[in-house]
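Structural characterization, general
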Amino acid sequence: MRDPLSALTEAFTSFLFGKVETTRLPVRTSTGQAQAVYLPTAAPGLGDSGVIIGREVYSGKGYIYDPFQLYGQQLPAPHWLVLGESGNGKSALEKTYVLRQLRFRDRQVVVLDAQGEDGVGEWNLIAQELGITPIRLDPMVAVDAGIRLNPLDPSITTTGQLALLRTIIEVAMGHGLDERAGFALKVAHAYVNEQITDRQPILTDIVEQLRHPKAESAEAMNVDIDDVRAWGLDVALVLDRLVDGDLRGMFDGPTTVGIDLDAPLIVFDLSHIDRNSIAMPILMAIVGVWLEHTWIRPDRKKRIFLVEEAWHIINSPFVAQLFQRLLKFGRRLGLSFVAVVHHLSDVVDGAAAREAAAILKMASTRTIYAQKADEARATGRVLGLPRWAVEIIPTLTPGIAVWDVNGNVQVVKHLITEKERPLVYTDRAMTESSVDPGIDPELEWETEQRAALIEQHLNDPTQSTVA
């Protein structure tokens, strides 16, 4: 029973002021409106171990990324695709990423630098700052004093040499070698490797054997020697371009002595090569195989292979197949392949659509800068981006990109420190972007503090620190 005093008090209050208790009506709303009553939350980051990129736009928290730290846990593969139109900050991202990775002593980077002006590549300033001499491939000076890379270098396996020769020829011809031409090339290569032992075999030796095959080459297959010569004629004409044509001097001699493959940064300067000529994919094929057999070693180093104008690789079936093997092989030896492409349509609509799809599938990290609306939709379909990300890509300002790290999609503002800025923005006409996406003093302090911790850890491994 209720307390008599409480009942009397309630009756007296109701008599004086009326009934004060009200009935609360139900609220009808949508889930979209109801979520406003919850506190704002941000998507989880990628952890605190790795290289500082910038800040996540919506939460303001720092964004840290490192494929070597994430591999095997959040990343099935350490390879990275960077997309976007010129002038939005791709070049600045690549350069600062490499500079920050090189803070670690177990990192090594190779860059194929296909852009530049004033006679030097876009990475020349960074190379100078690190005391590195770029490997400048230039057919205009190669005959006299330029750099040479020998496709028949003994450091490349015999199988690798033959595969490289086939790729060079197929890229130049635009189609695969038939069985007869392949046989003529194989016997010429075998004869040269067997007979020339007192020096490095060179392409001139292969061309000579294709033009003048030995009788034993024909006898092995019970065919006429004139047939072998005819089968190898087109192959000889293609290789002759590297020996006595517009690409002479770069590949038709022993590999230049003194190329330091142990340097922390290796820059192949391809800026003197016409980017729209067949020479560019040929160059990339030669450099790719040469690196595979001379640079990638099981020494526990983490290596980054960054390729500017990567559509020259992905858009050629033969070069793409070669790099597919490199990516699969390199994944076991700590290789992260970074491909920089302006438009995905340059790749998926090209002659190597199947090979391109395979390479894109291996890139578990995708960074997309501003694109036009139709290009953004096409990119979203190919990469499987969420709808909200596709819708904001055309609205992105320079320095801001959509990052998709194996399904973890966030919008990130790339930030640059004062020390990095002179190396990133050169104010040259051919530099991809002269737009500074912003310098964050807090990020600079954080970067310098992390670098100091890294140095302390390297000097005293017993101290614990993040990578």
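As annotated in an unreviewed UniProt entry, the protein carries the name ATP-binding protein and is attributed to Streptomyces lateritius.

Details of the sheet that holds strand β1 (residues 51-56)
With mixed pairing, the eleven strands of this open sheet are ordered in space as β2-β1-β13-β12-β11-β3-β10-β9-β4-β8-β7. In this open sheet, the two edge strands, each paired with only one partner strand, are β2 (62-65) and β7 (135-136). Relative to strand β13 (residues 408-414), β1 runs antiparallel, the two being bridged by three bridges. Within β13, the position partnered with R55 by the bridge is K413. Along the sheet, helix α4 (residues 90-101) makes contact with β1, β2, β3 (79-83), β4 (107-113), β8 (265-269), β9 (302-307), β10 (335-341), β11 (363-368), β12 (400-405) and β13, crossing β1 at roughly 135°. Along the sheet, helix α14 (residues 317-331) contacts β3, β9 and β10; its crossing angle with β10, the most-contacted strand, is approximately 145°.

Here's the deal with a nonpolar patch on the surface
A grouping of V57, Y58 and W388 is seen on the molecular surface, where their side chains present a nonpolar patch of about 320 Å² in accessible area. Secondary-structure assignment places Y58 in the loop between β1 and β2. Taking the relative accessible area as the measure of exposure, Y58 reaches 58% and is therefore exposed.

Quick word on the packing of aromatic side chains
For the structure on display, the rule yields twelve aromatic pairs. A centroid spacing of 6.3 Å and a plane angle of 85° characterise the contact between F268 and W290, whose relative ring orientation is edge-to-face. Taken together, the residues span a long stretch of sequence, with F268 in strand β8 and W290 in helix α12 (residues 279-294) at a distance of 22 residues. This pair shows no difference in class: F268 is buried, exactly as W290 is. Three or more aromatic residues joined by ring pairs form one cluster here, namely Y63, Y65, W80, Y97 and W403. Above the plane of the ring of W295 lies R303, whose end atom (NZ or CZ) is 5.5 Å from the centre.

Rules used in this analysis
Residues numbered from 1 in each chain as written. Predicted model: local features only at pLDDT ≥ 70, side-chain atom pairs only at ≥ 80, totals over all residues. Heavy atoms only, no water. Pairing = 2+ DSSP bridges. Helix = DSSP H or I, 4+ residues; strand = E, 2+ residues; numbered from the N terminus. Contact = heavy atoms within 4.5 Å. Axes fitted to C-alpha atoms, helices over the stretch in contact; angles between N-to-C directions. Patch = residues over 30% accessible without salt bridge, like charges linked within 9 Å, V, L, I, M, F, W, Y side chains within 5 Å. Areas by Shrake-Rupley, 256 points an atom, 1.4 Å probe, with all protein chains shown as cover. Salt bridge = Lys/Arg side-chain N within 4 Å of Asp/Glu carboxyl O. Buried < 20%, exposed > 50% of the residue type's maximum accessible area, 1.4 Å probe, protein only. Phe/Tyr/Trp six-rings, centres within 6.5 Å; stacked < 30°, edge-to-face > 60°. Lys NZ or Arg CZ within 6 Å of the ring centre and 35° of its normal.

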